[in-house]
Amino acid sequence: MSRHARPARRRLGPLPHLRSVAGQAFILQLLLILVLVAAAVTAVAADARVHGTVDARRRSLAVAETFAHAPGMARAMSGDNPTSALESHAEAARKGSGVDSVVVFDTRGIRLTHPDKPLIGKRIVGPAGLIRKELRGRTISQAFRASQGLSVVSAVPVTGADGTFLGGVSVGVKIQSVHSTVDRRLPMLLGSGAGALALATGGATLLNRRLRRQTHGLGTAQMTRMYEHHDAVLHSVREGVLVLTADKRLLLVNDEARELLRLAPDAEGRHVGALRLEPHLTELLVSGRHVTDEVHPCGERLLSVNLRSTDRAGAPAGSVVTLRDTTALRALSDRAVAASERLKLLSDAGVRISSTLELTGTAEKLVDVAVPRFADIAAVELLEPVLRGEEPEPPYEPLAAHRTAVGGTPAEAPLFRVGERVVYAPSTPQSRAVRTGAAVLLQADPTGTGEWPAGEARRLLDHGIHSLITVPLRFRGVILGLATFWRTRHRAPFDETDLAIAGELAVRTAVCVDNARRYAREHAMVTALQRTLLPGGLPDQNAVEVAARYLPAPGGTGGSWFDVIPLPGARVALVVGKVAGQGLHAAATMGRLRTAVQNFSARDVPPDELLSHMDELVTRLDLEHNTDAHGSRVTGAGCLYAVHDSVSGHCTVARAGDPGLALAHPDGIVDIPALPVSPPLGLGGEPFEAVGFALPAASRLVLYTNGLLEGHDRTTGTGLDLLRRALAAEPGLDPDETCRSLFQTVLPPCPSDDVALLVARTRLLDPENVAEWDVPSDPAAVAPVRAACARQLRAWGLEDAVCTAKLIISELITNALRYGTPPVHLRLLRDHRLICEVSDNSSTAPHMRRAATTDEGGRGLFLVAQFAQRWGTRYTPRGKVIWAETPLDDR
């Protein structure tokens, strides 16, 4: 055949490799690779520059918002020397965040801080439209070309507590500094592209050469001559071939088929029925049906038969039969069955071992798979750091492992015990396996000598053990533990073939053990995070007696939370919330929302208004996450917020999403209030609605998330029925006992989510501890009211508080008469603190300021703040209430 190939190469011309199909394919591949590599490098560089600009805009805006909203920022800008107060902080923020400038300016556009000190005190510069937006107190983030080049500038206004615009913070980042990073990476990208081009070109060259070698450079004439010799090739193969006509006559037969079927020399042309074949084989050939690897006996042989029709477009009708002698498979059948069982063992192991993320469960799954299909006894031992969720570090000697799972050992005579800490000597096969990182096979020596450890040889032999395989559980080069398999006298010893099976089992187990170790570590981290984010204890207050419980989800930590927030005026806020999902994101988001609820509660707004603020916050957080392709959304969080007033016995509730509320009255009547249906936080578009109701003393408020009611086999309706019955059955339980009872009777056996439960038993302030006066709109009325308050305090036995209370009452009443709107009302509450409240019909909030030496007034609220433990303002539908709390020495 090579004789015909050589002339063909000479006739192809001076570049035969380019005129051939292989050569043309090579040129096309080379061009495509060149275009793809160039496009990829260009796209990566352009994408990096675009993302760099976006990152500069995001970083400048984040720094500006953080600095502008920093605690004390408004106070510093309102001070006498804001530059000295802010300059060092601005420079620290600039250096710490990596931006190019952090500039604080006042309402006139005068710089209060600047990295270049000579520019402090001068007006800010830039495009006129940009300057106007900054001085109007708008938040901006814009790119423009300055003298230093293209830059991104973000500005955020600084406002006082009353919303007054005090100035702004402008943060600038040079695009050049961002693009310089990309430019430094460009040579690496070009080098990578050139390397990829070189590798691809080399691969295409090798493929072209291999194709040329396989075709031997043959032309059409040579290929035709090869096809003409097919008959000779057909008769030399080790597979029988028969070609039958449409009427089932033998058209063609090769030598191998003649020998297998013992056909006569003149068999061609005869009908199949006249060939004296086995009856079942004759019936098969006459039927003409398609057959694939169907085994038929023929004398002492087993023939694998394949039959296909040749009835195709343009081809004569008929069939082709191939025969293959499979007699030798009889000797290999047992080995094939064993190999099939081993493959099934590995397949089952991969499925079962990976079905859990728990360390002990993973070890037990391996033992269950291996015993008795692979070994009579199996044990899995893990290193101590793995059990703690840590990654072991070498050296591993002396080898000490924790026996995590054992299978196959009789319970009446245990050879190995679960939970033992095993220390292996350096001479043991376990230590050798860890040291070499490979499986070790040992067979017992009945004399107790040889490689088998002499110390335990007799004990193992007494239990009939004659061979073992120990293999390290190794993943990413780290030893996590050991898997050891033993066989007894009831089956054949382990051999070299079993080493591969044990190694595959160990590889699958090591991956799952490492996943379980990482999961255990992350679960512990998330659990610790949530434990720190949930209330460590309940605050001291007298409005309600309260108890709470939290139960994590079966699959991990969720985002449910509860809170008890004391409010002024002998009131308390009760909160239960739920963030969708589980894991680290849910726990972190829960902490953010819980902090937000506490901050909004400090403003003492009604429940429906608080939920509106929370809805806006969640929407804003999700908008921030939308800028990140991997950000997790907060939308869908639920929250129930209730405020109980221990003076009036009135409770106001608003809800967003799913958290529920149940009321258990002292007489045993249980009510599930029909709270307005409001969407979860973040959906927006609908106002939240609050409802109020009066509660007698000793009523129980039960706030819960749906995990308390719902389970894998239970609906919310069924859970509500159980909740009603449980609360009605034991009306005298205190909150802690109620929590315990509900977890025992209402909680599903398999909760579908984590559970937050908050139970509060209401208290009412004794009317004897409440004193009220209407104050006439006359400054002369201050003295009589103050004297009446002093008498009431003495009647309560609070002589030590009279002096401080008189000062606070005088200042608050005077302030209300001077700046408020009648009627003015005074209320004193004796709780664990003395609470003084002055209300009027004006919504103007007082602000404490530092009076100058020449000022005649302005010191009243300053004195109140000095003598009171806490003071503040809350708004009512008709006006406001200014309150102040002072501690009582006997409480």
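Rules used throughout
Residues numbered from 1 in each chain as written. Predicted model: local features only at pLDDT ≥ 70, side-chain atom pairs only at ≥ 80, totals over all residues. Heavy atoms only, no water. Helix = DSSP H or I, 4+ residues; strand = E, 2+ residues; numbered from the N terminus. Buried < 20%, exposed > 50% of the residue type's maximum accessible area, 1.4 Å probe, protein only. Contact = heavy atoms within 4.5 Å. Areas by Shrake-Rupley, 256 points an atom, 1.4 Å probe, with all protein chains shown as cover. Polar contact = N/O pair within 3.5 Å; in protein donor to acceptor, adjacent residues only side chain to side chain. Axes fitted to C-alpha atoms, helices over the stretch in contact; angles between N-to-C directions. Parallel < 35°, antiparallel > 145°, perpendicular 65-115°, else oblique. Left-handed = near helix turned anticlockwise from the far one by under 90°. Nonpolar A, V, L, I, M, F, W, Y, C, P; charged D, E, K, R; others polar. Expected span 1.5 Å × (residues − 1). Core = buried A, V, L, I, M, F, W, Y, C linked by side-chain atoms within 4.5 Å. Salt bridge = Lys/Arg side-chain N within 4 Å of Asp/Glu carboxyl O. Pairing = 2+ DSSP bridges. Phe/Tyr/Trp six-rings, centres within 6.5 Å; stacked < 30°, edge-to-face > 60°. Arc of directions from axis to C-beta. Patch = residues over 30% accessible without salt bridge, like charges linked within 9 Å, V, L, I, M, F, W, Y side chains within 5 Å.

**As for the overall build of the protein**
A count of helices and strands for the protein gives 24 helices and 30 strands. Taking all 891 residues of the protein together, the buried fraction comes to 43%. Restricting the contact set of the protein to residue pairs at least 6 apart, pairs at least 24 apart contribute 60%. Carbon and sulfur atoms form 55% of the exposed surface of the protein, whose accessible area is close to 45500 Å².

**Some details on the side chain of Glu837**
Mapping Glu837 onto the fold places it in strand E28 (residues 833–840). At 2.7 Å, the side chain of Glu837 and the side chain of Arg827 are in polar contact. Not counting residues within four places of it along the chain, the set of residues in contact with Glu837 comprises Gly569, His825, Leu826, Arg827, Leu829, Arg874, Val881, Ile882 and Trp883.

**Digging into the packing of helix H20 (residues 716–729) against helix H21 (residues 735–745)**
Two elements in contact, H20 and H21, have axes whose closest approach is 10 Å; the angle formed by their N-to-C orientations is 140 degrees. The orientation of H20 relative to H21 falls into the category oblique. As for how H20 packs across H21, the hand of that crossing is right-handed. For the pair formed by H20 and H21, the contact residues are Leu722, Leu723, Ala726 and Leu727 on the first element and Thr738, Leu742 and Thr745 on the second. Class assignment of the residues belonging to the contact of H20 with H21 gives a composition of five nonpolar, two polar and no charged.

**Considerations on unusual backbone geometry**
Going from Pro394 to Pro395, the amide bond is cis rather than trans, its omega being 0 degrees. Take Pro395: it is sitting in the loop between helix H14 (384–387) and strand E11 (399–407). At the junction of Pro822 and Pro823, the peptide bond is cis and its omega measures out at -5 degrees in the coordinates. For Pro823, the position within the fold is in the loop between helix H23 (802–819) and strand E27 (824–830). Phi at Lys248 is positive, roughly 65 degrees, even though this residue is not glycine.

**A word on the packing of helix H22 (residues 782–795) against H23**
Orientation of H22 relative to H23, taken along the N-to-C sense of each, is 145 degrees, at an axis distance of 10 Å. The interaxial crossing formed by H22 with H23 has right-handed handedness. Where H22 abuts H23, its residues Val782, Val785, Arg786, Cys789, Ala790, Leu793 and Arg794 lie against Val802, Ala805, Lys806, Ile809, Ser810, Ile813, Thr814 and Leu817. A breakdown of the residues in the contact of H22 with H23 according to their chemical character gives 10 nonpolar, two polar and three charged.

**Here's the deal with H22**
Here H22 contains 14 residues, and its C-alpha end-to-end distance of 20 Å stays within 8% of the 20 Å for a straight helix at 1.5 Å per residue. Turning to H22, its buried residues number three or more, namely Val782, Val785, Ala788, Cys789, Ala790 and Leu793. In the core, the buried residues of H22 are packed alongside strand E26 (770–775), H23, E27 and E28.

**Brief notes about the nonpolar core**
Within the largest apolar cluster, 53 residues are counted, with the highest numbers of intra-cluster contacts made by Phe374, Leu473, Phe485 and Leu505. Among the elements that line this core, the one with the most residues is helix H17 (residues 496–533), at nine residues. With residues near it in sequence (within four places) discarded, Leu505 still touches Leu346, Ala349, Leu366, Phe374 and Phe485.

**Comments concerning the environment of Pro568**
The topology assignment puts Pro568 in the loop between strand E17 (558–567) and strand E18 (571–582). Each C-alpha atom, one on Pro568 and one on Ala602, is 9.5 Å from the other, the two residues being 34 residues apart in sequence.

**Digging into the pattern of salt bridges**
In the structure shown here, the tally under the stated rule is 31 salt bridges. For the salt bridge of Arg761 with Glu545, the shortest nitrogen-to-oxygen distance reads 2.7 Å. One end of the pair, Arg761, is in strand E25 (residues 755–762); the other, Glu545, is in strand E16 (residues 544–551), and 216 residues separate them in sequence. Given a relative accessible area of 21%, Arg761 falls into the partly exposed group.

**Description of the sheet that holds strand E12 (residues 421–424)**
Across the sheet, which stays open at both edges, the six strands sit in the order E12-E11-E10-E15-E14-E13 with antiparallel pairing between neighbours. Lying at the two open borders of the sheet, with one neighbouring strand each, are E12 and strand E13 (440–443). Neighbour-to-neighbour, the strand axes of the sheet open up by a mean angle of 25 degrees, direction not taken into account. As judged from the six bridges shared by strand E10 (residues 377–383) and strand E15 (residues 478–488), these two strands associate in the antiparallel manner. In the sheet register, Val380 faces E15, and the bridge partner there is Ala483. Across the sheet, helix H13 (residues 359–370) is in contact with E10, E11 and E15; its angle to E11 comes to roughly 60 degrees.

**Here we look at the packing of aromatic side chains**
To describe a pair of aromatic rings, one takes the distance between the centres and the angle between the planes. Scanning the entire structure with this criterion turns up two aromatic pairs. An angle of 85 degrees between the planes, with centres 5.3 Å apart, marks the rings of Phe374 and Phe485 as edge-to-face. Placement of Phe374 in the loop between H13 and E10 and of Phe485 in strand E15 is noted, with a sequence separation of 111 residues between them. In this structure, Phe374 and Phe485 share a single accessibility class: buried. Between the aromatic rings of Phe374 and Phe494, the centroid separation amounts to 5.3 Å while the plane-to-plane angle is 40 degrees, which identifies the pairing as tilted.

**Side note on the environment of Leu683**
With respect to the helices and strands, Leu683 occurs in the loop between strand E22 (670–671) and strand E23 (690–694). On the basis of relative accessible area, Leu683 is assigned to the exposed category, the value being 52%. C-alpha of Leu683 to C-alpha of Gly636: the two residues are 47 residues apart in sequence and 7.3 Å apart in space. Leu683 has contacts with Asp615 and Thr635, leaving out every residue within four places of it along the chain.

**Re H20**
The terminal C-alpha atoms of H20, which comprises 14 residues, lie 20 Å apart, in line with the 20 Å expected from a rise of 1.5 Å per residue. Within H20, the full set of buried residues consists of Gly719, Leu720, Leu723, Ala726 and Leu727. An end-on view of H20 places all buried positions within 130 degrees of arc, on one side of the element. Exposed residues lying more than 90 degrees from the buried face of H20 are Arg725 and Ala729. Those residues of H20 that are buried lie in contact with strand E21 (660–664), E22, strand E24 (700–704) and H21.

**Some words on the pairing of strand E1 (residues 101–106)**
Across the six residues of E1, six count as buried, placing the element largely inside the fold. Neither face of E1 is open: one carries Ser101, Val103 and Phe105, the other Val102, Val104 and Asp106, and all of them are buried.

**A closer look at the pairing of E21**
For E21, the buried fraction is high: five of the five residues fall into the buried class. Where E21 and E22 come together, two bridges link them in antiparallel fashion. By the bridge assignment for E22, Ala664 is matched with Val670. From the end of E21 to the start of E22, which pair antiparallel, there are five residues, and Gly668 there has a positive phi angle of about 95 degrees.

**Focus on a nonpolar patch on the surface**
A surface patch of nonpolar side chains, amounting to about 230 Å² of accessible area, comprises Phe862, Leu863 and Phe867. Tracing the backbone shows Leu863 in helix H24 (residues 860–867).

**Considerations on the sheet that holds strand E29 (residues 870–876)**
An order of E26-E27-E28-E30-E29 is seen for the five strands of this open sheet, with the pairing classed as antiparallel. The sheet is open, and its two edges are formed by E26 and E29, each paired on a single side. Along the sheet, successive strands turn relative to each other by an average axial angle of 15 degrees, direction set aside. Strand direction decides the pairing type here: E27 and E28, joined by six bridges, are antiparallel. Pairing of Leu828 across the sheet is with Cys836, part of E28.

The analysis is restricted to geometry; functional conclusions fall outside its scope.
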